[in-house]
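# Results of the structural survey
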Amino acid sequence: MPTPLPVFADVWRADAVDQAVAHTLDTGYAALNAVLPSGGWPQGALVEVLQPQAGQHEWGLVAPALAGLQAASPGKLLVLAGAPCQPFGAALAARQLDMNRLLCVRAARGDGPALLWATREALQCADVAAVLAWLPDVRSTHLRRLQMAAQAHNKLLFVFRTPRAQHESSPAPLRLLVEGAAGEAGTLSVHVLKRRGPPLDAPLLLDSLPPRLAALLAASRERVRRRRDELAPLPLPLHSPDHPVHALLDRIAHLDHH
Amino acid sequence: MRCWIALHTSITIEPGAGCMDEADAQRAVASMALGFTPRVALLDEAVLMDVTGSLRLFGGLARLMDQLEQRLFAFFESNQCLAQLRRAQGATSLIALGRLRMKAGQGAGPPQRVAELPMHTLSAARPHLGVLERTGCRHWDDLLRLPRDGVARRFGAELLEALDRARGSVADEYEWRVLPEHFEEKIELDALVTHAPALMAGAERLLARLQAWLLGRQSGLSALRLTWHLDKRRDVPPTGEIEVRTAQPAQDLRHVARLLAEQLAQHKLPAPVHSLSLRSLVTEPLADAAATTTSLLMSERKQGDSAVELIERLSARLGEAQVLAWQPRADHRPEQMQRWVPAQHALKSIAAGARPARARGQKGLKLGAAPAVRSDALYPGWLLPEPLKLAVSGNSPVYQGRLQRLAGPQRLEATGWLAPSEGAYQAHAERQVPPTMRDYYIYRSAQGGLLWIYSVRLALPVAPDQPVLAQRHDWYLHGFFA
């Protein structure tokens, strides 16, 4: 019988999810918390998020955590480096983000080094709580430097890249692939590509829309369904082989109406 | 009894890193000593300071010396110099100086009695050392025992005067050092400089002097101007200059130096530069300067830069227009609801937000003035700066594949849609642009993202007999629900 291995706090066994990450931050989604090491976004580490197109799913994924972080650390800035579009204040305020503490850093098109530099400077700043960086063509060595800066200054850092990077090696301890989903269960499907734990087979489905928007979409879906029902009444199943009696009754009922 | 301190710094010059020589260091020490007492003088190789009046304020001689030493060491360390500091204390300036010279000769020993100080520690006796030695005058006391008339005839009146001054029977007055109201210094560069970033070496020497000046005046710097003087033989303007401004007055000039380096990196020199001058434009007194710069507690020391420093550095390198902060506006048109302004101009509000404890006093007043943040979950998280015109297939828009309409329309009345401001709106009205309406829809793209798309139509029918609905629609993509 093999003797059980001694348990150390800083030794992670590959068949279990690492529970010894020092600082984590609630993601705002219970399903996501359950699969991440120590139950949340790792603070002081690089989180790499791959998505097909920049500007599609960022806020839904990270806004709950950022709102919590902003509430917990008053007076700290949130820095966006190389954001794909303008963040829209009205919508983000509805997600409980404090827009006055948001700093947007842009760079000339194709000036990747400037963005990298700005990201690293922001990580080194004492008054910054989290950094979101869109670095589509960053190299692995640069990511390693960002990861070290995030670790040294204990900052929350998200780097958004394209799925092309999936097959490159990455120093990030957590990598996610995010896609939109059309299902009723959720609008965001998250594949955990890499984590300190066994690989995850099925993607997670998160309902990332704000409640009001979700309600609006559900209501209009309902309305469309009802209108379709009204406009196209049930076709009369004249040749229904298995339920002749029902078909007959239906027919009679319709005749009655007219 | 008065209390004098004599200070001497010797710089151990490292190859390549010598940004200061001994004379520079002496002047810097004198400037910083002025932060402790107004009675500071330079004599030969030493800095003399009369701290009698300041002892109570600083809590005694020992504490005053501790603070002074800490400040000096911090200063030399920040300028990457290795400095050795010697100090001596005495009842008159010449006793302090004599003891200082004794220490230099034999290292640290027990404090000498005044009477036993050797003759060579008195500057006035130095021309006559040989004669004094041969007449048996080795110590100050020996000379004092000789008849005054004879001493005056043999050695001149200066020696007697110096002795009287050392004994305290003559007033101990010097020409006190005064720091000028504005710092302005010019240095000749060692060699002609053709690359703007290479000016930084000279600028650092000037900044070190500026820092000593700031410490002496107990103030912080908010703006400075660096001017370079170009070779006159070229057909170019004789000087060029840059100004650097910071939002928070600073005594530690490392941040200013970095800003200066960023700005210099973007400059091109039209001709070689032979000298540099630096002038302080705006300084502000820092009341608690001594408290902030000398604390050794880790909690007092800041880890990393502040938000203001970050914004200034990013703006200096990337350009002001690339570092943006958010401002709400009271408008119902999505483009006009917010504005992204250069963060450097919004520094005040950001700094107030980043340091809430400091700004709490004025917060109550300001809250009413700021427009309320309008929040609505039905707006998209990303807004395209310019609406993107979409291709149309049939009667519906196309964006990276077929789209599925989820919700809408939400109609926004849109007179003057395209007008960025009121004045421009007038211009539009004159050009007879008809008012338009936008119907906003939420579509789902083939990739699963939610898009905010609107169609434009004219509010009034173009021809009276043509119904509004029959017009052809243009479709625009205006945002992403991320």
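Residues numbered from 1 in each chain as written. Chains lettered and ligands numbered in written order. Predicted model: local features only at pLDDT ≥ 70, side-chain atom pairs only at ≥ 80, totals over all residues.

Moving on to the overall build of chain B. A count of helical and extended segments in chain B gives 15 helices and 17 strands. Within chain B, the proportion of its 482 residues that are buried is 32%. Counted over contacts in chain B with a minimum sequence separation of 6, partners at least 24 positions apart contribute 65%. (Helix = DSSP H or I, 4+ residues; strand = E, 2+ residues; numbered from the N terminus. Buried ≥ 20, exposed ≤ 12 C-beta atoms within 10 Å, placed from the backbone. Contact = placed C-beta atoms within 7 Å.)

What follows is about the nonpolar core. With 99 residues, the main nonpolar core has Val79(A), Ala81(A), Val131(A) and Leu157(A) as its most contacted residues. Dropping the residues within four chain positions of it, Ala81(A) is found in contact with Val105(A), Leu115(A), Ala118(A), Thr119(A), Ala122(A), Val131(A), Ala133(A) and Trp134(A). Within the second largest apolar cluster, 68 residues are counted, among which are Leu7(B), Val29(B), Ala33(B) and Phe183(B). (Core = buried A, V, L, I, M, F, W, Y, C linked by C-beta atoms within 7 Å.)

This part is about the sheet that holds strand 6 (residues 102–105) of chain A. Sheet architecture is open: ten strands sit in the order 11(A)-10(A)-9(A)-3(A)-8(A)-7(A)-4(A)-6(A)-9(B)-10(B), paired in mixed fashion. Edge positions in the sheet fall to strand 11 (204–206) of chain A together with strand 10 (338–342) of chain B, since each of these pairs with one other strand and no more. When strand polarity is set aside, the average angle formed by the axes of neighbouring strands in this sheet is 25 degrees. Bridge analysis of strand 4 (residues 77–81) of chain A against strand 6 of chain A gives four bridges, and the strand direction is parallel. Looking at the pairing, Leu78(A) lines up with Leu102(A) of strand 6 of chain A. The strands touched by helix 5 (residues 140–153) of chain A are strand 3 (45–50) and strand 8 (156–161) of chain A; relative to strand 3 of chain A, the strand with the most contacts, the crossing angle is about 135 degrees. Against the sheet, helix 12 (residues 307–318) of chain B contacts strand 4, strand 6 and strand 7 (128–134) of chain A together with strand 9 (323–328) of chain B, and its axis sits at roughly 120 degrees relative to strand 9 of chain B. (Pairing = 2+ DSSP bridges. Axes fitted to C-alpha atoms, helices over the stretch in contact; angles between N-to-C directions.)

Let us now look at helix 12 of chain B. Residues and elements named next belong to chain B. Taking 1.5 Å as the rise per residue, helix 12 with twelve residues should run 16 Å; its terminal C-alpha atoms sit 16 Å apart, in good agreement. Here helix 12 lies mainly inside the structure; twelve of its twelve residues are buried. All of the buried residues in helix 12 are Ala307, Val308, Glu309, Leu310, Ile311, Glu312, Arg313, Leu314, Ser315, Ala316, Arg317 and Leu318. (Expected span 1.5 Å × (residues − 1).)

Paired through their backbone hydrogen bonds, the strands of a sheet run either parallel or antiparallel. Residues and elements named next belong to chain B. Judged by pairing direction, the sheet is antiparallel, and its four strands sit side by side in the order 2-3-1-4 without closing on themselves. In this open sheet, the two strands that pair with only one neighbour each are strand 2 (40–43) and strand 4 (82–90). Each strand of the sheet is rotated relative to its neighbour by a mean of 25 degrees, with strand direction disregarded. Here strand 1 (residues 4–12) pairs with strand 3 (residues 46–50) via four bridges, running antiparallel. Bridging from a neighbouring strand, Trp4 pairs with Asp50 of strand 3. Across the sheet, helix 1 (residues 22–33) touches strand 1, strand 2, strand 3 and strand 4, and the angle it forms with strand 1 is around 145 degrees.

This part covers the interface of chain A and chain B. The interface of chain A with chain B comprises 52 residues on the first partner and 49 residues on the second. When residues of the side of chain A that touches chain B are traced back to their parent elements, those giving at least two are helix 2 (58–72), strand 5 (86–87), helix 3 (89–94), strand 6, helix 4 (112–124), strand 9 (174–180) and helix 6 (211–231) of chain A. By residue number, the principal contributor to the side of chain A that touches chain B is helix 3 of chain A, which donates six residues. In terms of residue class, the side of chain A that touches chain B is made up of 31 nonpolar, 13 polar and eight charged. Pairing geometry for strand 6 of chain A and strand 9 of chain B, over three bridges, is antiparallel. For Val105(A), the partnering residue across the bridge sits in strand 9 of chain B and is Val323(B). (Nonpolar A, V, L, I, M, F, W, Y, C, P; charged D, E, K, R; others polar.)

Residues and elements named next belong to chain B. Direction vectors running N to C along helix 9 (residues 199–217) and helix 10 (residues 254–265) enclose 155 degrees, while the axes themselves pass 11 Å from each other. Overall, the two elements helix 9 and helix 10 adopt an arrangement that is roughly antiparallel. Like other packed secondary-structure pairs, helix 9 and helix 10 cross with a definite hand, here right-handed. Note on element contacts: helix 10 touches helix 9 through Val256, Ala257, Leu260, Ala261 and Leu264, opposite Leu199, Met200, Ala203, Glu204 and Leu207. Classifying every residue of the contact of helix 9 with helix 10 gives nine nonpolar, no polar and one charged. (Parallel < 35°, antiparallel > 145°, perpendicular 65-115°, else oblique. Left-handed = near helix turned anticlockwise from the far one by under 90°.)

Let's shift gears to the pairing of strand 9 of chain B. Inspection of the sheet shows strand 9 of chain B paired to strand 10 of chain B by five bridges, in the antiparallel sense. Along strand 10 of chain B, the bridge assignment pairs Gln327(B) with Arg339(B).

Here the focus is the environment of Lys194(A). Residues and elements named next belong to chain A. With respect to the helices and strands, the residue Lys194 is situated in strand 10 (residues 188–194). Sequence spacing of Lys194 and Arg175 is 19 residues, and the spatial spacing of their C-alpha atoms is 5.0 Å. Non-local contacts of Lys194, meaning those with residues more than four positions away in its chain, are made with Leu174 and Arg175.

Now for helix 9 of chain B. All names here are of chain B. The end-to-end C-alpha separation of helix 9 is 27 Å, in line with the 27 Å expected for 19 residues at 1.5 Å each. In terms of burial, helix 9 is largely enclosed, as 15 of its 19 residues are buried. Looking one or two residues past helix 9, Gln218 carries a phi angle of roughly 50 degrees, positive in sign.

Residue and element names in this part refer to chain B. Looking at chain B as a whole, its pLDDT mean stands at 77, while 79% of the residues score no less than 70. With pLDDT under 50 throughout, residues 417–433 is counted as low confidence; its partners more than four residues away or in other chains account for nine contacts. Here the predicted complex scores 0.68 on pTM and 0.79 on ipTM. (pLDDT = per-residue confidence, 0-100.)

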